Every structure is written in C-alpha cells, then in structure tokens.
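Close look at the chain arrangement
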Amino acid sequence: MSISRRGFLKGLMASSASALIGPSLLTATKAFAANPIGDTWKISGSHWGAFRAKIHAGVVEKIEPFGFDKNPTDMLKGIRGIIYSSSRVRYPMVRYAWYRDYLKADPATRGDNRFIRVTWEQALDLFYVELERIQNEYGPWALYAGHTGWRQTGQVHSCNNHMQRAVGMHGYFVKKVGDYSTGAGQTIMPYVLGSTEVYAQGTSWPLILDNSKVIVLWATDLHKNLQVGWNCETHESYAYLDQLKAKIDAGEIRVISVDPVVTKSQQKLGCEHQYINPQTDVPMMLAMAYTLYQDKKHDQAFLDTYTLGFDKFLPYLTGEGEGGDGIAKTPEWAEQICGVPAKTIRELAHLFADNRTQLIFGWGIQRQQHGEQPYWMGAVLASMLGQIGLPGGGISYAHHYSSIGVPDSGAAGPGSFPLNPDDNKKRIHQNQDFNGYSSTIPVARWVDCLLEPGKKVAYNGKTVTLPEFKMMVFSGNNPWHHHQDRNRMKRAFEAVQTVVSIDFTWTATCRFADIVLPACTQFERNDLDLYGSYSARGVLAMHKLVDPLFQSRTDFDIMADLCDRFGQKKAYLRGMGEMEWLESLYEECRTSNGDKYPMPPFAEFWQKGSVIFNQQQTFVRHAAFREDPELNPLGTPSGFIEIFSRKIASFNYDNCPGHPVWMEKSERSHGGPGSKKHPFWLQSCHPDQRLHSQMCDSTEYRETYAVKGREPVYINPKDAKKHGIRDGDLVRVYNDRGQLVAGARVSDFYPQGVVRIYEGAWYGPIGPEIGSLDTYGDPNTLTQDIGTSKLAQATSANTCLVSIEKFVDKAPKVTAFGGPTEVK
C-alpha cells in the first residue's frame, strides 16, 4: 500500500464528521451487553492470581479466588475496576494539535490531553504512514519500538511480542537492553556470580526452613511483593512464610530485617528489625567483612577454592598496602555513615559466621546511584561466610519475586506468540544503516536520546552513541510511570515527532502520545498462561469474560491489521486465528511434557480451565558449583566467584572500579549531601496494593487506600508534628525537580527523615507546563534521572531527597484519571 500523509489527511478531514456519527452509538450500554442474560462462571488469571468470575447479563459481577490458591491477594477486588474503569481508552484517538498542525504543532501542547476521535481505519492508516515516513526520510535509527514492560498476562496476546513482531516485519528499529526493576543487578552479577541472579531460581523454601538458623531480609519485603507474579501467581510462598513465622516464634530461626523502615514482612513475621540509614548498606557490609577478617571468622578455605580476587580487595578493606585508601573499614567508621552501632555490626558479623545464614536481598537497593555496589558487596560478604551452595546458606537476590523458592514441578510451560519476524529477508524495509548511532541502548537512557542525540555514553565496557528518535511506539507499557524526573521527560518529549501508544487505559503515556489505539483488557479475550512463573504448577485457561468494551480490540487483531497495510498479515498470523494459536501452544506444551506430566487434549483442558502438575523438586542455588567448580563453573570470565573483576577494572570507570567500594551519593539524608536543603529521603518502592501502575485506575479499589483522593505519603509522627502535619492532611512534597500533592499517613513504621510514596501512582499535572503541580502523587515527579554508573546506566530512583509541608491552598482537582478532552 502506498499512501502520502498529505493525501491521507485530506481524506481524513473530509470524512471526520461522518466517521464520528456511527461509532457514537457504541455506548456503555452496548459495551456492557456483550453476553446474553444469565449467570455463568468463568476461569481466568492475572498477575494477581487465578480466579473465577461470575458473569451476569454480560457484566462481570463477582470475582472469587481460584480454589488452588490458598493465599489470594486482596488485589483481586480491583479487577472489576480495571474492566469498567472510567479511564478506559474507548476509541482510537489522535492528539488534536498534532492532527491539526502535524510536525508544526506547538511542542508545549503535548500533554494537554486534547484529542480528536477517528475511526480504526484512519488510526491504523496514520500509524502505517508514519512508519513509512520515518523509514524513508530517516532510517531505523529514528524509530524506537523496543520498550517493553510488565504487559498483561497471557501467552498468545502478549502485547510486547505483537508490537515488536509487527513493527519488525515493516523494518528495523532501535531496541533496549535491561529493565527498570533490576538494571544494575542484572548487569553486575554476571561478572560476580556468573548470571543475572535477579531472575534465577533460588534455594527452595523447605530447604531454607530445615537448614537455616539465621535469615537476613536485606532491604526486601516478601509479604508485600509476593502478591504479584510475572505469569499468573499461585501465592504458594505464603504457606512457607507461615511456617517461617512458626519457627521464629519457637526460637528455631532468627530472622533479621535490615531496612530503614519496618516492612510489612517484619510486621507479619514478628521478626527483628535492624535500622540502617538509607543508601548506606555498603559501609555496613564492609564493616562486617572487616570484622570477619580481623577476628578470623571468615572462611579462607572457601575463598581459596571458589573465589578470585580477595587479595586485591583486602587492601581496600583494611586501608593498608597497595590499593588501600588509608581508611580501615571498621565498624566505628561505618557507624558514622550507616547509623548502626559498631557493637551491633560486630555482633551480627559473628552471628552470621557462627550459624547457617541465608542472605536474601531485595531489588530496591540496586535502584540507587552506584546500585551495583551493594549487590557485589553482598556476594563478597556471603563468600567470606563460606556458605554459598549450601542448603539454607549463601545469598539470594530474588526470593521476593514470582514465588521464587517454591519447589517447581519440572514441567514445561506453554510458549508464546513469536516476538520476531520469521524471516528477516521479508521485512518491507531492509535498511540496517543506523547512521553511526547505536541500535541498542540501555533502557534507562532512552530519554537522553531525545535530549542529547549523538552523545556518547559508556555502558558495560562499550560506548553507546545515543540515537536521535523521531518516532516512538509503546504497547501495553507505561514509561510515564517507570522513568524518572517528569519535568525532564516533558522537555524531552518536545523533541519527538510522533508517539504511538496502544493501551486499554488513559495512562500518562497515552496523554503524551499522538496516536492512541484502544486495546482491550486481558479479561476481554481468550488466552492461556503458565500457572506459577517459577514453580510451573500448571497451565491455566484464561476464558474471555466479556466481549471487548467500546471499540477496543485485541493486540492480535490490531497488529494483524497494521501488517495488512504492508501486505504481511498472512505471514504475521501464520494462517491461524486466536483459538488456533491457543490450541497450538497448548498442544506443543502437552507434547513436551509427554507421559511424565500428562495433560488432557486441548478441548478438555479448555472446558475444565486448568491442569495442575503435582510433582515438586527442591533446589539449592549454586550447589553444583560448590560440589565441583571445575566441572560446574560459573558464567563469570574465570568460572569462579569474582571478588575482584579484571574485566570491570579494565573499563577504568571512576564510578565502578574492579571491586566493591563505598561511594558517596549525590543526594543522601541523615547528614549526607543535599540534606540541609531537602532533609527527607524519598523511598519509592513497589506498591502494596497494585502492580506498578496497573490497577491505579481501579477507582473503587484505589479509594480503599487513597487519602482525600490522593496517593498516600507515609511519614514519621515526630516529623509530621514538626511540620504541622496530621494524619489525613494533604501535603506538598517537593524539590528542585518538581512538586506533588499527596495525602499524609502518619506511622511509626517509618523513621525520622524518611518518607515513602509507592511508585506506580499515576501522573496528573495541573497542566502540560514544565514544573506544574502533580495533583495525585507520582513520586517520579521528584526522582532524579541519572545512571547508577557507567557500567549499568540503570535507574537511580531511590537516590532522592525532598521537602514536605502541609498543603494550605485550595486542593486542585485530580487530573490523573478519566479520559481526554475530546475536541469535536
């Protein structure tokens, strides 16, 4: 299909009035009458778990947990609010200023939330015309379509796969590497322990419960984060946490939470709390390592057999000799930084050495400036204890995620809709000239591409030249949630020509886009999913609960019709529809599992709704390596644990040398840099009552935790009193990067100098102007957009200081939710 944008828009303008008459009949009444009258029960799944839904008169009336799930999350109550959200993207929409003035549109109008409604045909034609223009006028370097995120669950309708396959069949584009959750960790750990570790199966909970005497929850909150999973979550971890609590109560296991705040896990388990100043975990670990060495409590035999580089790290630890900085990393030295008494540091070091100790780290401490260092130093500490590879000992970086640690069935799970084109030679545009720019970028630096195109940045031993994006495509992904510094993003988005967002709800990403296509929710399509991301407990049918509401469509249909515009629809679909793909993926899984894990034929499975695998296998992380490091080497350059990395040292990075070190932060509370001007450390960790930004639009459920319609900000009682703030007050949280309104929740669980706003709160500024007040409480209005180091270039969201005051003006209307202003 060949079409000019001028010719297309001429026809679009002529047809716009008549095009809006027909679709206007598709109201909520039509949408809610998708199924015949009568009660039916259907099975489906989600990141929050499996469930049964009661459908009455074409409406989802009730949600009940799936019978297998003995510890369902309260978040299931928010699913109806997702389907029937007032923020649903109902129709294809185009940003009004872009529609009217195209590339001459005033950049300041981006984000003004003014859109014009178009038909599906018009919207997809526009999408296609822009892809053509970018490839013809510029090349693949100008198109960024590699951004992915948590997407809705389901193997056939994975929006990430559909978007990248469809756009990839048209031509090449810039992709990303890494993610926001674990960017620093997944980059540093392959050099240290040979894999990313953050997404690796950990030692099974039964073995931890049977063998550990001490468990350290280092900046991790299991009870909070295990509510959600990458695939449909089983919540089996909670049974083991109940057993852990029983052992704590019986005095059989000591559990210590090292964290600035009293976590939900500590509250549930009744375990010990060791306070630490924010962002100072490395000094505490260094002091523990110093104690182990000086008191000869370290395992020298383990270091000699399984590690390399301790001799090169030792001068820094003691401060003596070549490589030393003259500062012994004593507990007294660390106390002045981390706030943990020197005596306590020594006691903890001895406790860990004298007992089988399992260190369990979370992801939050690597989302800070120099976030590589606490993970690396944690591995060094575990190596000095000498328990890596033992049941109930060693180190884990992921037991809070997707029920890692639950014994797995060993069964194969279903595959997914293909991510890449089947044949690169059949791409419509074969141009692979990236004009000297890099074809892959570290994900947290994509905004830099808009602000500083052509800039060369160091990344993981390479030099990345930032491409000059002209067009960006996002599908089922909300970068206006997970990136930092909203006002910097506003400036960056003034430089881009065209943004396409495909989603089911009006996120901030949609509001700052030019073309918005309405995808349906996962509850309005048929799919299947692995039940238990790491346990592989079974395969779950995801029955369509209701037909797609309004004019929303599946990603499958959207991208197939886009491909039809350049003659690739048949190749895209491989000649199969939705149910044929479902059956194909299921039967491939069934064949792979064979007689060992018997599965019924697809028709029987679909009617029943699930198949459960009961066999369970326990696992010890790094056990094979410990048993024989020569036959089972790690994936590091040497095959051993690398306390000192010659590879990293060869990069000559000033902010990530060849062994773990303590480096001061650009912003740190409790006497650190910047704390005189903005005294509070802002912790923006994973939320307790949604999955990142998913479910924030579920109105009724959001109202169960919101404060006067705003996101809560948690604050210590003494700090609140000092600033004249009472529980339930609206407050302004601000720094030099931005400002927001939130609702105060006063709690003793938070120490003085620390406030928390959960990430994922939707961004709703008063207006598109840079610096305007955020009306709901998005913490990334305040966070700084800097890389962790030249190694990972990952997000540093938790290196952030703020001030807080009672909000005394008239409260602004919350603008984060609902649809756009429709221009007729």
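Keep in mind that this is a model prediction, so the values were computed, not measured.

**Concerning the sheet that holds strand 21 (residues 538-542)**
Strands sit in the order 20-21-22 across an open sheet of three strands; the sheet is antiparallel. The sheet is open, and its two borders are formed by strand 20 (527-531) and strand 22 (610-612), each paired with just one other strand. Sheet twist, expressed as the average angle between the axes of neighbouring strands with direction ignored, equals 20 degrees. Pairing of strand 21 with strand 22, which is carried by three bridges, proceeds in the antiparallel orientation. Residue Gly538 lies in a different strand from strand 22, and its bridge partner there is Ile612.

**Description of the side chain of Asp729**
Residue position: Asp729 is located in the loop between helix 29 (717-722) and strand 26 (730-734). According to the relative accessible area criterion, Asp729 is buried, its value standing at 12%. Excluding residues within four positions of it along the chain, Asp729 makes contact with Gly724, Ala742, Gly743, Ala744 and Lys806.

**Section: the UniProt feature "domain: Molybdopterin oxidoreductase" (unreviewed entry) in the protein**
UniProt tags residues 88-564 as "domain: Molybdopterin oxidoreductase" (unreviewed entry). A distance of 26 Å separates the end C-alpha atoms of residues 88-564, which is 36% helix and 16% strand.

**Observations regarding the nonpolar core**
Side chains of nonpolar character tend, in soluble globular proteins, to be buried together. Formed by 197 residues in total, the largest nonpolar core has its most connected members in Phe127, Trp218, Met284, Phe352, Trp446 and Met472. When residues no more than four places from it in sequence are discounted, the contact partners of Trp218 are Val258, Asp281, Met284, Met285, Met288, Ile360, Phe361, Gly362, Ile365 and Leu381.

**Section: the pattern of salt bridges**
Counted according to the given criterion, the structure contains 44 salt bridges. Close ionic contact of Arg621 with Glu197 constitutes a salt bridge, the shortest N to O distance being 3.0 Å. Of this pair, Arg621 sits in the loop between strand 22 and helix 26 (623-627) while Glu197 sits in the loop between helix 7 (183-192) and helix 8 (205-211), and the two are 424 residues apart along the sequence. Owing to a relative accessible area of 17%, Arg621 belongs among the buried residues under this scheme. Between Asp354 and Lys297 there is a salt bridge, with the nearest N and O atoms lying 2.5 Å from each other. In this pair, Asp354 sits in helix 16 (residues 342-354) while Lys297 sits in the loop between helix 12 (281-294) and helix 13 (300-306), placing the two residues 57 residues apart along the sequence.

**Structural notes on the environment of Ser535**
You can see Ser535 is positioned in the loop between strand 20 and strand 21. Taking the relative accessible area as the measure of exposure, Ser535 reaches 1% and is therefore buried. Once the C-alpha coordinates of Ser535 and Phe613 are considered, the two residues, 78 residues apart in sequence, prove to be 9.6 Å apart. Residues within four places of Ser535 in sequence aside, it is in contact with Thr234, Glu236, Val406, Pro407, Asp408 and Ser409.

**Some remarks on the UniProt feature "domain: Molybdopterin oxidoreductase N-terminal" (unreviewed entry) in the protein**
With numbering matched to this structure, UniProt assigns "domain: Molybdopterin oxidoreductase N-terminal" (unreviewed entry) to residues 44-84. Helix makes up 12% of residues 44-84 and strand makes up 34%, while its end C-alpha atoms are separated by 17 Å.

Procedures and definitions
- What you see as residue numbers is a count from 1 along each chain, following the sequence as written.
- Where totals are concerned, whole chains, interfaces and linings use all residues; where local detail is concerned, this predicted model gives features only for residues with pLDDT of at least 70, and gives and counts side-chain atom pairs only at 80 or more.
- Heavy atoms throughout the structure, all of them, feed into the side-chain values; hydrogens and water do not.
- Here, strands pair whenever DSSP counts at least two bridges between them.
- Where helices and strands are cited, they refer to DSSP runs of H or I of at least four residues and of E of at least two residues respectively, numbered from the N terminus.
- Here, axes are lines fitted to C-alpha atoms. For helices the fit covers the stretch in contact, and angles between N-to-C directions go from 0 to 180 degrees.
- Burial classes: relative accessible area under 20% of the type maximum marks a residue as buried, over 50% as exposed, and values in between as partly exposed (1.4 Å probe, protein chains only).
- Residues count as neighbours in contact if any of their non-hydrogen atoms are within 4.5 Å of one another.
- UniProt positions are given in the numbering used here, feature names are shortened, and annotations may be inferred rather than shown by experiment.
- Nonpolar core, defined: a set of buried Ala, Val, Leu, Ile, Met, Phe, Trp, Tyr and Cys residues in which side-chain atoms within 4.5 Å join the residues together.
- The term salt bridge refers to a pairing of a side-chain nitrogen on Lys or Arg with a carboxyl oxygen on Asp or Glu at a separation within 4 Å.

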